[in-house]
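Residues per chain are reported as follows:
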Amino acid sequence: MILGLQIIAVIFALIMIYFAYLHYRRGEINGLEMFFWLLAWTGAVFIALFPEIFRVFSATIAISRAFDLAMIGGFVLVIPIVYSAYIRTKRLEKKLEELIRKDALKGLNEAPKKNKSS
Amino acid sequence: MNIFIVIPVFNESKKIEGVLTDLKGLGLPIIVVDDGSKDSTLEKVKKFQVTVLRHRINLGKGAALKTGCEVAISMGADAIIMMDSDGQHKGEDLPKFINALETKKVDIVFGSRNLSMGVPLVRFLGNKFASVLIVLFFKIYVSDLICGYRALTKKAYMQMNLKSSGYGIETEMVVKVAKLKLRYCEIPIETIYYDRFKGVTIMDAFGVLFNVVKWRIFK
């Protein structure tokens, strides 16, 4: 059962590394971002294959199971990423709205000139 | 009072001609904002004597309304009447809004639909739940929070400084009316639902609900 979970985790991490590489080759993420994701997913593979290393850490910080530590670690990593993505999306939405609305108003200002020339 | 009608429109090629024909005889200047329609809406709107603006990309009802209102104000509007483009609002109700603005001296007039006027039960109940929530949070009762048929003065629009770009704009208006202590009234309007798949979806409703809580927390 544990072996099955480990295999799934490793396959998932490898797929995610492939996607990171794909986005890097397309120029959608830069070298530093590619390095970050490579490091994160390699770390996940390492943890999936050698969970006993985790037990030492979990015992040190008084967490009874290594799995619990993995879950907490996952949340600690995911929450800032989601928050940062949310802020960036909001910022982009705002910029896009400004741009599109300015463009619409430009169209209105140009319309009377066209009428005059025709 | 110089009154403009602002109509945001998105993919309403089947209904928009009917809406504009209905408003033809009223003699009020009309501004139509095409919010990135993919069908023939824009071509149909251009056949009428109206001011047409176009968002290249669909931004949402709120953004389209704000564009329309800003243009109306730049063209000299003292007040603006907002209407939906799907034909659910009738031109014959328009004089009620003008009358309320002119005689009751209010800043904003909310249109209000009710069950006997054709609102589906689920929407009616959802709307009432939201109204109760707004009363609890902001101490203002508007019976139909999301009705798109409403009128407001230029001064009220400028004061409100609306931020929402989607369907949340109607609820934001109510919240801003409460916060700014603007004068308001409600008038009953007739409504016809042609398409139950258009308009505010359950996901939009959750989004608006999230915003209501956000507006309450971050005053």
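See above for the structure.
Owing to the predicted nature of the structure, the values given are computational and were not obtained by experimental measurement.

Student: What is the right way to read the overall build of chain B from this model?
Tutor: When helices and strands are counted, chain B shows eight helices and seven strands. Computed over its C-alpha atoms, the radius of gyration of chain B comes to 16 Å, within 12% of the 17 Å expected for a compact globule of 219 residues. For chain B, the spread of C-alpha atoms along the principal axes amounts to about 45 × 35 × 35 Å. When each of the 219 residues of chain B is scored for burial, the buried share is 45%.

Student: What's the story with the environment of A:F19 in this structure? I'm lost.
Tutor: Within the secondary structure layout, A:F19 lies in helix α1 (residues 2-25). Between the C-alpha atom of A:F19 and that of A:S58, which follows or precedes it by 39 residues, the distance is 31 Å.

Student: What should I look at first to understand the packing of helix α5 (residues 121-138) of chain B against helix α8 (residues 202-217) of chain B in this one?
Tutor: What describes two packed helices is the angle between their axes and the distance between those same axes. Residues and elements named next belong to chain B. Running from N to C, α5 and α8 point in directions that differ by 5°, and their axes come no closer than 11 Å. In terms of orientation, α5 lies roughly parallel with respect to α8. Contacts between α5 and α8 involve G126, L133, I134 and F137 from the first element and A205, V212 and R216 from the second. Of the residues in the contact of α5 with α8, the class split is five nonpolar, one polar and one charged.

Student: Whenever I open this one, the environment of A:L105 confuses me. Can you help?
Tutor: Within the element layout of this structure, A:L105 appears in helix α4 (residues 66-117). Between the C-alpha atom of A:L105 and that of A:F12, which follows or precedes it by 93 residues, the distance is 48 Å. Setting aside residues up to four positions removed in sequence, A:L105 forms contacts with B:T67 and B:V71.

Student: Could you clarify how one ought to interpret the sheet that holds strand β3 (residues 51-55) of chain B in this entry?
Tutor: Whenever strands of a sheet pair, they do so through backbone hydrogen bonds, lying parallel or antiparallel. Residues and elements named next belong to chain B. Here seven strands make up an open sheet; going across it, the order is β3-β2-β1-β4-β6-β5-β7 and the pairing mixed. Each having just a single partner strand, β3 and β7 (184-188) make up the two edges of the open sheet. Looking at each pair of strands side by side, their axes are set apart by 20° on average, direction ignored. Where strand β5 (residues 108-112) and strand β6 (residues 150-153) come together, three bridges link them in antiparallel fashion. Its bridge partner being in β6, F110 is matched across the sheet by R150. Those strands touched by helix α4 (residues 94-103) are β1 (3-9), β4 (79-82), β5, β6 and β7, and its axis lies near 155° from that of β7.

Thresholds applied
- All residue numbers refer to positions counted from 1 along the written sequence of the respective chain.
- Numbering of ligands from 1 and lettering of chains from A proceed in the order in which they are written.
- Only residues with pLDDT of at least 70 get local features here, since the model is predicted, and only at 80 or more are side-chain atom pairs given and counted; chain-wide, interface and lining totals rely on the full set of residues.
- Note on conventions: DSSP H or I runs of at least 4 residues are helices, E runs of at least 2 residues are strands, and numbering of each starts at the N terminus.
- As a reference, a globule follows 2.2 Å times the number of residues to the power 0.38, and the radius of gyration itself is taken over C-alpha atoms.
- Residues with at least 20 other C-beta atoms within 10 Å of their own are called buried, those with 12 or fewer are called exposed, and the rest are partly exposed. The C-beta atoms themselves are positioned from the backbone.
- In this analysis, axes come from line fits to C-alpha atoms, helices being fitted only over the stretch in contact, and the angle between any two N-to-C directions falls in the range 0 to 180 degrees.
- For this classification, under 35 degrees means roughly parallel, over 145 means roughly antiparallel, 65 to 115 means roughly perpendicular, and everything else is oblique.
- C-beta atoms are first placed from the backbone for all residues, and any pair lying within 7 Å is then listed as a contact.
- Residues are grouped as follows: Ala, Val, Leu, Ile, Met, Phe, Trp, Tyr, Cys and Pro are nonpolar; Asp, Glu, Lys and Arg are charged; all remaining types, including Gly, are polar.
- Any two strands with at least two DSSP bridges between them are considered paired.

Honestly, that's just the spatial picture; any functional story needs more than this.
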